[in-house]
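Coordinate inspection notes
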Amino acid sequence: MPRETGTKLIASNKKARHDYAILRTYEAGIVLAGTEVKSLRLGRVSLVDTFAQEHEGEIMLYGLHIAEYGFGSWTNHAPRRTRKLLLHKTEIIKILNQLGNGTGLTLVPLSLYFKDGWAKIELGVARGLKSYDKRQVMAERDAQKEIAREMGRRLKGRR
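A brief structural summary. (Residues numbered from 1 in each chain as written. Predicted model: local features only at pLDDT ≥ 70, side-chain atom pairs only at ≥ 80, totals over all residues. Heavy atoms only, no water.)

**Some details on helix H4 (residues 131-155)**
Note the following rule: Starting at the N terminus, helices and strands are each numbered in turn, a helix being any DSSP run of H or I of at least four residues and a strand any DSSP run of E of at least two. To estimate the expected span of a helix, count its residues, drop one, and scale the result by 1.5 Å.
In this model H4 runs 36 Å from its N-terminal to its C-terminal C-alpha over 25 residues, within 8% of the 36 Å that 1.5 Å per residue would give. Positive backbone phi, at 90 degrees, marks Gly157, one or two positions downstream of H4.

Now the structure itself:
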């Protein structure tokens with residue numbers, strides 16, 4: 001059987017992009033059990049309330065819910081267990097330096113996907129947005145939509 005190629009999105013964390021300003025992104029592998037991979041392939045995963053933290057010099061993923069595999073037996077996994085992320089040591093050091101300065105930054109998972117058959121997670125170093133920042137972003141987005149709409153009208157010769 002040929003090896004799987006390309007990228008297949010499993011889940012994305014839309015709320016994270018709304019609640020945080022993403023400063024930098026990293027791609028990490030995840031240490032998974034066999035039934036977890038099968039459940040991921042069925043798309044039975046939730047990134048709600050998921051976060052990453054340093055634990056003993058490694059980055060760990062907490063709160064990721066991967067539903068139990070329906071055809072699994074006693075070998076099934078715990079749905080919300082802590083999972084180790086696979087990053088290069090230099091990347092871990094960069095992330096910890098960014099998070100450790102007391103700058104109010106956090107490590108947020110943005111999306112979960114298969115890349116060439118391997119489960120990967122996109123992590124973002126992020127700063128939390130205040131409610132007025134969110135309103136400002138929404139206002140800018142609405143203004144850009146209105147500008148694009150007006151430009152489309154002008155190009156078509158209307159008005």
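**Topic: the packing of aromatic side chains**
The line we're drawing: Between 30 and 60 degrees the pair is tilted, below 30 it is stacked and above 60 it is edge-to-face, where a pair is any two Phe, Tyr or Trp rings, Trp via its six-membered ring, whose centres lie within 6.5 Å. Using a 1.4 Å probe on the protein chains alone, a residue whose accessible area is under 20% of its type maximum counts as buried, one over 50% counts as exposed, and one in between counts as partly exposed.
Within this structure, the stated rule accounts for 2 aromatic pairs. Aromatic side chains Phe51 and Tyr62 sit 5.3 Å apart centroid to centroid with 20 degrees between the ring planes, which places their arrangement in the stacked category. Taken together, the residues span a long stretch of sequence, with Phe51 in strand E4 (residues 51-55) and Tyr62 in strand E5 (residues 58-62) at a distance of 11 residues. Ring centres of Tyr69 and Phe71 lie 5.8 Å apart, and the angle between their planes is 65 degrees; on these two criteria the pair is classed as edge-to-face. We classify Phe71 as exposed; its relative accessible area is 73%.

**Describing the pattern of salt bridges**
This is how it is decided: By convention in these notes, a salt bridge is any Lys or Arg side-chain nitrogen within 4 Å of a carboxyl oxygen on Asp or Glu.
Enumeration according to the criterion identifies 8 salt bridges in this entry. Salt-bridge contacts for Arg154 lead to Glu150; the nearest nitrogen and oxygen are separated by 3.5 Å. Separated by 4 residues within a single helix, Arg154 and Glu150 lie in helix H4, roughly one turn from each other. Residues participating in the shared-partner salt-bridge network are Glu36, Arg81 and Arg83.

**Observations regarding the environment of Asp142**
Among the secondary structure elements, Asp142 is positioned in helix H4. On the basis of relative accessible area, Asp142 is assigned to the partly exposed category, the value being 49%. As a C-alpha pair, Asp142 and Gly124 span 18 residues in sequence and 25 Å in three-dimensional space.

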